[in-house]
Amino acid sequence: MKRIALGLRDPLILVALALYGVPFFWQLLTSLKPEAELLRLPPLLPTRLTVVHYRAVFEQSALPRALLNSLGIGVMTTALALVLGLPAAYALARLPVAGRRVLLLGIVASTAFPQIATVSPLYLLVRALGLRDTWTALVLAHTSFTLPLTIWLLAGFIRDIPFALEESAAVDGAGTLATLRWVIGPLVAPGVASAALLAFLFSWNEFLFAYTFTASEASRTVPVALALFPGVFEIPWGDIAAASMLASVPTVLIVIGLQRYLIDGLVAGAVKD
Amino acid sequence: MMAPALTVLAVLTVYPGIWVLWLSLGDHVPIFDVSRFIGLGHYVFLATDTLFLRALGTTAIFTIVSVTLELVLGVLMALALAGQRRGRRLAISLLLLGWAMPAVVTAKIFEWLYHPIGGLVNYVLGGAVINWLGDPYLALPAIILADVWRTTPFVAILAFARLLGIPPELYEAARVDGAGPVATFTRVTLPLLRQILTIAILFRTLDALRAFDIMFVLTGGGPASTTETLTVHAYRAMFQMLQFGFGSAIGVIVFGLVMAVAWIYLRLLQRDEATA
């Protein structure tokens, strides 16, 4: 009896998980359904599959430009967070920094800042600097939350590397830069990958700042373009479904290709004291 | 080495954090160049403002219900994953996908699922014609469900990572001592999950208090303001009514709530460590 129960458990769990996936796959199916069959249920499955919604999104909507904007802003935000965050994380983890605890607490606290509280001053700042509707505005706004996250994650990863390694490198005559390049660098690389992935994802997904600081196709990101997806007389559900699938492409690639780094970053962010 | 990062953080987070306090103490309408100091006026008004108190209540319900559901379902998912032999990687991929997608995409997916005529939810309910997002009683539960779908994987993955670290000997010992599945769960598994779950609750509570995208896109706060949380209320005040000072005051209150929750949890964690 017990063996039967165990044998049934695996399939049951898989069925439960398939149920979890229904919303995503339903949207995928919708994006491939002919227009005339969208509002008709049953049947559940379409009579044929079509790419007309994807063609409409690429040829008539603002999404292609938004994909480019999101990609550019995401890459620049990630690069900035790493360039500024790596040295800071190293110093926090290794060097005798006055008030380290207070600094760390401040950095953690700033990851918890609600964007709804900082959106009004940042809006005035962006306006005063003449940066409305530019990539720069969003790169800066997104750095406000990706930088503290990056420092926090990387400081944790660096602390996990035994200090003795650096000491023996120094004994062997390696300078600080050589130690960073040849000893710390390779060991912290997976941590950097995790931090970079999370920074990119959070920038790609961010909506409130992107919605507030943009005014046209020049800088609107994917979530904004999707939220503002135009419908003149009726809502184009098929096109929206196609657009939301395209908006998830980087997420799907990261989840499938770089899953280990994503999970490492996710767990490290929560577990590092 | 820290100077560049700290300078950027000072400009992008500390400075706005202080500026918003100042903004909340005045009447500010940027497009008309109106800027007038009024002290605590907005806060005094908010203390008895029914719209604000209602948004506060909606935020509390959203936060408590969604975090509770995410916690329970997340632990169940983690246990299922840990007992799973085949298809575990596929399962984790699916869960991570739900968590890592833009919240706006989740909102669009659920908007279509909830569609009165073409929606899958009504079809599964036997062809009912329920206007989920347009009904004042159903809209908030519908939004909570979408949020639970999106964020339960976060709890599940954290709990699962912790479960992998529990040595099998502990379960073996529990079995030898005659503990059934329920006793094993409450006496062995749950105590070991306690710390990671405390942290997961902290992260989830902070995110739920700050949640904006999903209700803003799904309902915009409607119908009849039944899904208008503090964040949506603040946003509308600032960018639709152009009351920057008033909206900032609501933002500051969200800020205060988030910091208060973070502080309480940190104290709890410290006390845990002291007794452990």
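Placed above this text is the structure.
Computed from a prediction, not measured in an experiment: that's the story for all the values here.

Asker: Which parts of the structure should I look at to understand the overall build of chain B?
Answerer: A count of helices and strands for chain B gives 12 helices and two strands. The linear arrangement of helices and strands in chain B, starting from the amino end, is α-β-β-α-α-α-α-α-α-α-α-α-α-α. Referenced to the eigenvectors of the C-alpha coordinate spread, the extents of chain B come out at roughly 75 × 60 × 40 Å. Considering only intrachain contacts with a sequence separation of at least 6, the fraction spanning at least 24 residues in chain B is 68%.

Asker: Whenever I open this one, the nonpolar core confuses me. Can you help?
Answerer: The tendency in soluble globular proteins is for nonpolar side chains to be buried side by side. Residues A:Ile151 and B:Val254 are the most contacted members of the largest nonpolar core, which totals 152 residues. If we skip the residues at most four places from it in the chain, A:Ile151 touches A:Gly85, A:Ala88, A:Ala89, A:Leu92, A:Ile107 and B:Ala5.

Asker: For this particular structure, what's the right way to read helix α4 (residues 88-100) of chain B?
Answerer: Think of an α-helix as 3.6 residues a turn; residues three or four steps apart then line up on the same face. Relative to the 18 Å expected for 13 residues at 1.5 Å per residue, α4(B) spans 18 Å between its end C-alpha atoms, a close match to the ideal helical length. Within the sequence span of α4(B), burial applies to B:Ala91, B:Ile92, B:Leu95, B:Leu96, B:Gly98, B:Trp99 and B:Ala100.

Asker: Please explain the interface of chain A and chain B as it appears in this structure.
Answerer: It is common to give the size of an interface as the accessible area that goes away when the parts come together. Counting residues at the interface gives 69 residues for chain A and 69 residues for chain B. Looking at which element gives the most residues to the side of chain A that touches chain B, the answer is helix α1 (residues 2-31) of chain A, with 13 residues. Of the residues contributing to the side of chain A that touches chain B, the split by class is 51 nonpolar, 16 polar and two charged.

Asker: Before we go on, may I ask you to explain the environment of A:Ser70 in this structure?
Answerer: Residues and elements named next belong to chain A. Relative to the helices and strands, Ser70 is located in helix α3 (residues 63-94). Take Ser70: there are 28 C-beta atoms within 10 Å of it, and that puts it in the buried class. Separated by 153 residues in the primary sequence, Ser70 and Pro223 place their C-alpha atoms 8.8 Å from one another. In contact with Ser70, not counting residues within four places along its chain, are Trp204, Thr221 and Val222.

Rules used in this analysis
Residues numbered from 1 in each chain as written. Chains lettered and ligands numbered in written order. Predicted model: local features only at pLDDT ≥ 70, side-chain atom pairs only at ≥ 80, totals over all residues. Helix = DSSP H or I, 4+ residues; strand = E, 2+ residues; numbered from the N terminus. Contact = placed C-beta atoms within 7 Å. Core = buried A, V, L, I, M, F, W, Y, C linked by C-beta atoms within 7 Å. Buried ≥ 20, exposed ≤ 12 C-beta atoms within 10 Å, placed from the backbone. Expected span 1.5 Å × (residues − 1). Nonpolar A, V, L, I, M, F, W, Y, C, P; charged D, E, K, R; others polar.

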